[in-house]
Amino acid sequence: MAKEKSVDVISRVKESLKDKIVSWEEKSPRRYYFTIKKADIVPVAKYLFEKLGARFITASGVDTPKGIEILYHFSFDKEGGKVVSVRLLTPKQKCEVESITPFIPGAGFIEREIQELLGVKFLNHPDPRPLLTSEDWPRDKFPLRTDYRDTDFTNEKEENK
Amino acid sequence: MSNQRKTVIPIGPYHPLQEEPEYFELYVEGEKVVDIDIHIGYNHRAIEQIGQRMSWDQLIFLVERICGICSTSHPIANCNAQEDLAGVEIPERAKYIRSIVGELERIHSHLLWLGLAGHFLGYNTLWMWVWKYREPILELFEHITGNRNHYAMMRPGGVRRDIKEEDIPYLTKVLDEAEKKIEMVTKAALDDPVLAVRLKGVGVLTKEDAIKYCAVGPTARASGVAIDVRRDDPYAAYDLVEWNVITQEEGDVFAKTVVRLLECLESIKIIRQCLEKLKKVKGDIFVKIKKMPPGEGKGHHEAPRGETFHYVRSDGSNNPIRVKVRAPTYVNLPTCKVTVPGESIADAAIILASIDPCYCCTERMMRVIDKRTGKIELDGNDLVRFSQEKTRKLRKELGL
């Protein structure tokens with residue numbers, strides 16, 4: 001029974017979001033990925049979280065040659081534990097994404113984390129303070145970007161002394 | 001926010017009596033907490049970044065070091081992710097061994113929490129007893145894995161060590177004794193009038209808030225959200241044995257305690273069935289993963305505190321290009337924003353402790369130098385003292 005239901009959820013996602021899904025990938029059983037345009041994240045996340053009752057697991061950012069890629073992982077616990085990841089790409093020149101925290105408070109921490117470690121600005125985040133780095137951390141250095149070097153930081157610090 | 005006129009009580013970030021660095025700002029009016037601010041970031045070790053420089057095999061050892069209590073939950077989650085990426089199914093015998101190690105860890109972690117909760121409430125007898133019952137479990141770990149903690153039992157594609165046939169009677173004996181003790185503690189704790197007054201109706205997390213804050217594990221299950229990765233997305237041997245997901249509806253600290261205690265008994269049930277199967281199922285304990293293909297993998301494991309989620313990404317080379325770790329406390333901690341306000345300062349310590357926070361799991365990514373030199377008027381030690389005094393007063397009132 002659980003299996004039939006799970007097929008339902010995935011086809012519902014495909015059907016309702018078909019004008020927003022750019023590409024769909026079924027990696028292995030119960031693991032799905034789909035790409036959307038950056039501007040569509042709020043309606044897509046709202047649909048998955050509020051309409052379908054998916055649980056927001058976390059988001060993860062990766063620095064790729066094309067820009068910063070953000071994956072939002074959602075889990076359908078009651079429909080066979082499917083994990084669906086929503087993928088979007090934001091260029092480094094205009095690194096901003098609309099925040100999903102206003103309607104998913106559980107995303108507050110991770111968006112703050114991505115903001116300070118990968119330099120993606122989350123628009124309309126209710127509490128955009130840095131989460132992990134100390135107060136004197138330079139706000140233009142993003143440790144998880146590929147062009148970040150530990151040594152830059154230490155040298156600069158020593159020069160300042 | 002209009003927090004300027006309220007008194008601020010900082011707790012942390014460093015104190016000899018706090019187990020881990022953490023920093024809370026409680027905004028109080030009189031005795032009542034009206035708002036709370038959570039600061040994390042004092043425990044960073046750049047694990048995600050270091051992980052990108054490791055080989056796939058080394059990565060398991062690295063993530064095992066994320067946490068000292070639930071040290072096998074990160075490796076299980078990471079192995080699940082790597083196996084998803086490589087498209088590998090592990091041998092049946094390895095599945096049972098994984099479940100046994102995972103559940104033994106749940107028992108010792110829940111007992112550890114119960115002991116600490118007892119200490120926060122001024123029940124030091126409970127603390128000492130429970131930790132005494134936890135000890136045989138750790139000795140058992142040393143016997144079958146070689147270590148009391150950091151067992152290094154998991155490897156991508158299976159497990160590293162077998163559980164020997166001749167060790168099974170010893171395992172069963174320890175479990176039988178643990179079961180008796182846990183049942184005894186459960187009865188003693190749940191029937192205690194003072195514990196009931198201290199914990200019932202305190203720090204209530206409603207079902208709506210649990211869903212909104214995406215809470216996981218016992219924190220969610222105590223609020224009536226029946227999610228458990230072991231049942232919902234089965235891995236290891238969890239779909240091959242019979243067991244129940246424990247839920248409570250109340251959402252208060254008492255419900256969280258009940259969930260954890262009953263879960264220990266469920267864990268014993270799972271381990272017993274796995275041991276029975278181990279006697280029959282023979283064969284390999286791992287399959288070799290020759291080459292990691294390019295792509296992505298997602299894996300999760302129900303750790304004692306809730307779902308641990310790992311995401312790995314490969315470009316086909318010997319090391320991952322991205323490792324993402326989401327520990328359960330990362331989503332459970334923000335629920336304190338709704339559970340603590342409205343309660344008294346004396347109750348704050350136990351509510352903050354009720355999610356079983358684990359900061360070394362929550363923060364993994366980079367080094368942080370703390371330069372905060374604010375004067376601390378009240379610290380975690382004072383809070384524990386307040387909480388213990390309240391219990392003492394209650395006891396006197398109840399004539400115990």
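One can find the structure itself at the top, above this paragraph.
In this text, all values refer to a predicted model and were calculated from it rather than measured experimentally.

So, how was this worked out
- Counting restarts for each chain: residues are numbered from 1 in the order of the written sequence.
- Just so you know, chain letters begin at A and ligand numbers begin at 1, following the order they were written in.
- Local features are withheld for residues below a pLDDT of 70 in this predicted model, meaning they are given only at 70 or higher, and side-chain atom pairs are given and counted only at 80 or more; totals for whole chains, interfaces and linings count all residues.
- Here the rule is simple: two strands pair whenever DSSP picks up at least two bridges between them.
- Starting at the N terminus, helices and strands are each numbered in turn, a helix being any DSSP run of H or I of at least four residues and a strand any DSSP run of E of at least two.
- Note on geometry: axes are C-alpha line fits, over the in-contact stretch for helices, and angles between N-to-C directions span 0 to 180 degrees.
- Distance between backbone-placed C-beta atoms decides contact: two residues are in contact if it is within 7 Å.
- Gly is put with the polar residues, along with every residue not named as nonpolar or charged; the nonpolar set is Ala, Val, Leu, Ile, Met, Phe, Trp, Tyr, Cys and Pro, and the charged set is Asp, Glu, Lys and Arg.
- Under the definition applied here, buried Ala, Val, Leu, Ile, Met, Phe, Trp, Tyr and Cys residues are grouped into a nonpolar core through C-beta atoms within 7 Å.
- For every residue, the other C-beta atoms within 10 Å of its own C-beta are counted; 20 or more classify it as buried, 12 or fewer as exposed, and values in between as partly exposed. C-beta atoms are placed from the backbone.
- Put simply, angles under 35 degrees are roughly parallel, angles over 145 are roughly antiparallel, angles from 65 to 115 are roughly perpendicular, and the rest are oblique.
- We call a crossing left-handed when the near helix sits turned anticlockwise from the far one by less than a right angle, and right-handed when that turn is clockwise.

> What is the right way to look at the sheet that holds strand 2 (residues 23–29) of chain B in this model?
Strands belonging to one sheet form pairs held by backbone hydrogen bonds; the direction of such a pair is parallel or antiparallel. Residue and element names in this part refer to chain B. In space, the 3 strands of this open sheet follow the order 1-2-3, with antiparallel pairing throughout. Since the sheet does not close on itself, it has two edges, and those belong to strand 1 (7–11) and strand 3 (32–39), each with one partner. The average angle at which neighbouring strand axes cross in this sheet is 25 degrees, direction not considered. The pairing of strand 2 with strand 3 spans 7 bridges and is classified as antiparallel. Pairing of tyrosine 27 across the sheet is with aspartate 35, part of strand 3.

> Explain the interface of chain B and chain A to me, please; I cannot follow it from the model alone.
Quite often, the size of an interface is put as the accessible area lost when its parts meet. Every contact between the two is made by 32 residues of chain B and, on the other side, 27 residues of chain A. Looking at the side of chain B that touches chain A, the elements that each hand over two or more residues are helix 10 (229–232), strand 6 (295–303), strand 7 (306–314), strand 8 (322–326) and helix 12 (328–332) of chain B. Looking at side-chain class alone, the side of chain B that touches chain A contains 14 nonpolar, 5 polar and 13 charged residues.

> For this particular structure, what's the right way to read the nonpolar core?
Ranked by size, the top nonpolar core spans 149 residues in total, and within it A:Ile70, B:Leu26 and B:Ala348 carry the most contacts. When near neighbours in sequence (up to four residues on either side) are disregarded, A:Ile70 contacts A:Ala59, A:Gly61, A:Leu88, A:Thr90, A:Val97, A:Ile114 and A:Val120.

> Hey, could you run me through the packing of helix 6 (residues 168–191) of chain B against helix 11 (residues 253–280) of chain B in this one?
Between two packed helices, the angle of one axis relative to the other and the distance separating the axes together describe the packing. Residue and element names in this part refer to chain B. As a packed pair, helix 6 and helix 11 sit with axes 10 Å apart at the nearest point and diverge in direction by 165 degrees. With respect to each other, helix 6 and helix 11 are oriented roughly antiparallel. Note on packing geometry: the crossing formed by helix 6 with helix 11 is left-handed. For the pair helix 6 and helix 11, the contacting residues are Ile168, Leu171, Thr172, Leu175, Ala178, Glu179, Ile182, Thr186, Ala189 and Leu190 in the first and Thr257, Val258, Leu261, Cys264, Leu265, Ile268, Ile271, Arg272, Leu275, Leu278 and Lys279 in the second. For the contact of helix 6 with helix 11, the class distribution of residues is 15 nonpolar, 3 polar and 3 charged.

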